[in-house]
Amino acid sequence: MSELHVMEHPLIRHKIAIMRDKNTGPKEFRELADEVATLMAYEVTRDMPLEDVEIETPITKGKFKMIAGKKMGIVPILRAGLGMLDGVLKLIPAARVGHIGLYRDPDTLEAVEYYCKLPTDVEERDLLVVDPMLATGNTAMEAIKFIKKRNPRSIKLMVLVAAPDGIKKIQDAHPDIDIWTAALDEKLNVGITPVVIKLANRFNFVDKPGKRKINKKIVATAGGTAIYLAFMIPLRFFIPLNQTIKGIIIGGSFMLVLGLLDDKLEISAPIKFGGQIIGALILIFYGVKINFITNPFGGFIYLGIYTIPFTVFWIVSIINTINLIDGLDGLAAGVSIIAVLTLFAVALQENQLVAPMLAVLLAGSCLGFLKYNFNPAEIFMGDTGSMFIGYIIAAVSITGALKSAAAVTIFVPMLALAVPILDTTFAIIRRVFNDRPIGEADHGHIHHRLLAIGMNQKQAVISVYIISAFLGTVAFIINGIKFDQALIIFIAVILTVIYGAKKIGIFSVELPQEGCSLEDN
């Protein structure tokens, strides 16, 4: 039966108390997490067996106690587990390090392993799985399940703070796994999104039914606040602060405020567009910009004086593509998850550090929100969420894929975001041909067309997920091949998507009759 070990060491309890003080800053928090991880590793390794080993000292030979052939492995659960890794390695520097990351499939709700790299000799090692918090226990439970498939010699779970529900879930699913925690907390299971739902209703951040609305009842909006908090809190505490991170924190916070104003007051398109430009300039001020484009014929095309306008155009475009595709329950969140996981995988291919961490943070934030946003939605992300997500995706693409020296680099974000980019492009063409303002809404988006051909909301959303996942896979594949081959694949895929879009009427300049694509339920 699984054993729970709550560490009572005075130093551990003292440092945990400081960590939980609201006045503790991010830098001190990270330092304390590192120190507590070291102290916990000392306690966790108490039961390691010893054997007599003959050693020759400067004076004489003798038998001394040493660990009996134990081979350790440390496996942090991405992303937050990385904050404990260095602390454990200080005590066990010879341990091999692995990583595991999971996301939850929005269709099946099953955990899917998106990254798992364990020591090659894992069968000979005793693994210590580390994660700062054990709240519901879902992520740790699934991570351990995946790790067990590699047949390590043993597994222990070490967390800083654990909730009773999470402990029970691990013990029920893995009765052979011992849990080590520095503290117990009954309040860890209070999620961010349910709190935001209550606050949104209280302060009248709601979306009411209307001519273009899919919802048939009043639904809380401004759910992007939950995504913002779930992204920013670990960003502040677990990723070292540099100019890029400063820009993302300040710019992301500005976009949150802009989105909240729009969700509450419905600000005009010019003001919103101006705010998006200011948000883009904040990133540029902190060094997040596109300085060059890789020349497929060799070298780089440096943008020079066009760096700022090109970067602003890219950021504002991505913000609006995500904003425009946010038309069905769970659509924008799911497509964004697929897009950033594609950028995550490509960034890992390029051995980058910051971009994959940002991508995983955003994917995890959107996944937590998707539970409440998938049909039937309890809350909408609103412009608060769609603009913030688009802003962060743009930042991830600039710090990751667009920094690569590979000739195919420009194709990666275009394919990862192909669905919202093409949907937005078709919308602009459709409105220009109909002599309507580009910013004026209509019923011609991909989700409206899918509803119009008889799909319900869930079917339409899942269909777009599948298309996005296919395009993301293609992006990952072409990142590792020659430019001429990648160009052929890219053109073939885009033409195929355009053909499919034409078949369901997206590319048509004729607007469907207002209301004909709304789901009748």
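Residues numbered from 1 in each chain as written. Predicted model: local features only at pLDDT ≥ 70, side-chain atom pairs only at ≥ 80, totals over all residues. Heavy atoms only, no water.

Q: With reference to specific residues and values, describe the environment of Ser 317.
A: Position of Ser 317 relative to the elements: it lies in helix α10 (residues 307-325). At 2.6 Å, the side chain of Ser 317 and the backbone oxygen of Phe 313 are in polar contact. (Helix = DSSP H or I, 4+ residues; strand = E, 2+ residues; numbered from the N terminus. Polar contact = N/O pair within 3.5 Å; in protein donor to acceptor, adjacent residues only side chain to side chain.)

Q: Would you mind going over a nonpolar patch on the surface in detail, with residue names and values included?
A: A grouping of Ile 55, Phe 64 and Met 66 is seen on the molecular surface, where their side chains present a nonpolar patch of about 240 Å² in accessible area. For Phe 64, the location among the structural elements is in strand β3 (residues 61-67). For Phe 64, a relative accessible area of 38% translates into the label partly exposed. (Patch = residues over 30% accessible without salt bridge, like charges linked within 9 Å, V, L, I, M, F, W, Y side chains within 5 Å. Areas by Shrake-Rupley, 256 points an atom, 1.4 Å probe, with all protein chains shown as cover. Salt bridge = Lys/Arg side-chain N within 4 Å of Asp/Glu carboxyl O. Buried < 20%, exposed > 50% of the residue type's maximum accessible area, 1.4 Å probe, protein only.)

Q: A description of the sheet that holds strand β1 (residues 4-6) should follow, citing residues and the corresponding values.
A: Spatially, β1-β10-β9-β8-β4-β5 is the arrangement adopted by the six strands of the open sheet, whose pairing is parallel. In the strand order of this sheet, the two ends are held by β1 and β5 (96-97), each with one partner. Pairing of strand β9 (residues 154-162) with strand β10 (residues 178-184) involves six bridges; the strand directions are parallel. By the bridge assignment, Ala 162 is partnered in β10 with Leu 184. Along the sheet, helix α5 (residues 164-173) contacts β1, β8 (126-134), β9 and β10; its crossing angle with β10, the most-contacted strand, is approximately 175°. (Pairing = 2+ DSSP bridges. Contact = heavy atoms within 4.5 Å. Axes fitted to C-alpha atoms, helices over the stretch in contact; angles between N-to-C directions.)

Q: Please set out the packing of aromatic side chains residue by residue, giving values where relevant.
A: In this structure the tally under the stated criterion is four aromatic pairs. Judged by centre distance (5.1 Å) and plane angle (85°), the ring pair of Phe 285 and Tyr 286 falls under edge-to-face. (Phe/Tyr/Trp six-rings, centres within 6.5 Å; stacked < 30°, edge-to-face > 60°.)

Q: Explain unusual backbone geometry to me, and be specific about the residues and the numbers.
A: What is expected of a backbone is that most residues other than glycine have negative phi and most peptide bonds are trans. Phi is positive for Asn 151, close to 55°, though the residue is something other than glycine. Within the fold, Asn 151 resides in the loop between α4 (138-148) and β9.

Q: Kindly report on the packing of helix α7 (residues 224-238) against helix α13 (residues 382-399), identifying the contributing residues and their values.
A: Here α7 crosses α13 at 35°, and the two axes come no closer than 7 Å. Residues Gly 224, Thr 225, Ile 227, Tyr 228, Phe 231 and Met 232 of α7 touch α13, and the partners they reach there are Thr 384, Gly 385, Phe 388, Ile 389 and Ile 392. Broken down by class, the residue content of the contact of α7 with α13 amounts to seven nonpolar, four polar and no charged. (Nonpolar A, V, L, I, M, F, W, Y, C, P; charged D, E, K, R; others polar.)

Q: Talk me through helix α15 (residues 418-433); I want residue IDs and the actual numbers.
A: With 16 residues, α15 extends 22 Å from end C-alpha to end C-alpha; this agrees with the ideal 22 Å at 1.5 Å per step. Listed as buried for α15 are Ala 418, Val 419, Pro 420, Leu 422, Asp 423, Thr 424, Phe 426, Ala 427, Arg 430 and Arg 431. The secondary structure elements touched by the buried residues of α15 are α10, α11 (331-349), α14 (411-416), α16 (446-452), α17 (457-478) and α18 (483-503). (Expected span 1.5 Å × (residues − 1).)

Q: Summarise the side chain of Asn 323; cite the residues concerned and give the values.
A: Its location among the elements puts Asn 323 in helix α10. Taking the relative accessible area as the measure of exposure, Asn 323 reaches 14% and is therefore buried. Among residues more than four places away in sequence, those in contact with Asn 323 are Lys 272, Asp 383, Ser 386 and Met 387.

Q: Can you tell me about the confidence of the model for the protein, naming the residues and giving the values?
A: In this model, the protein carries a mean pLDDT of 80, and residues with pLDDT of at least 70 account for 85%. Confidence, expressed as mean pLDDT per element, reaches its minimum in the protein at helix α6 (residues 192-202) with 66 and its maximum at helix α9 (residues 269-285) with 93. A low-confidence stretch, residues 514-521 stays under pLDDT 50, and its non-local contacts, those more than four residues away or across chains, total 19 contacts. (pLDDT = per-residue confidence, 0-100.)

Q: Break down the pairing of β10 for me, with residues and values.
A: Of all seven residues that make up β10, five are buried, and the element is covered over most of its length. A crossover connection joins β9 to the parallel β10 through α5; in handedness this β-α-β unit is right-handed. (Right-handed = clockwise from strand over helix to strand, strands pointing away.)

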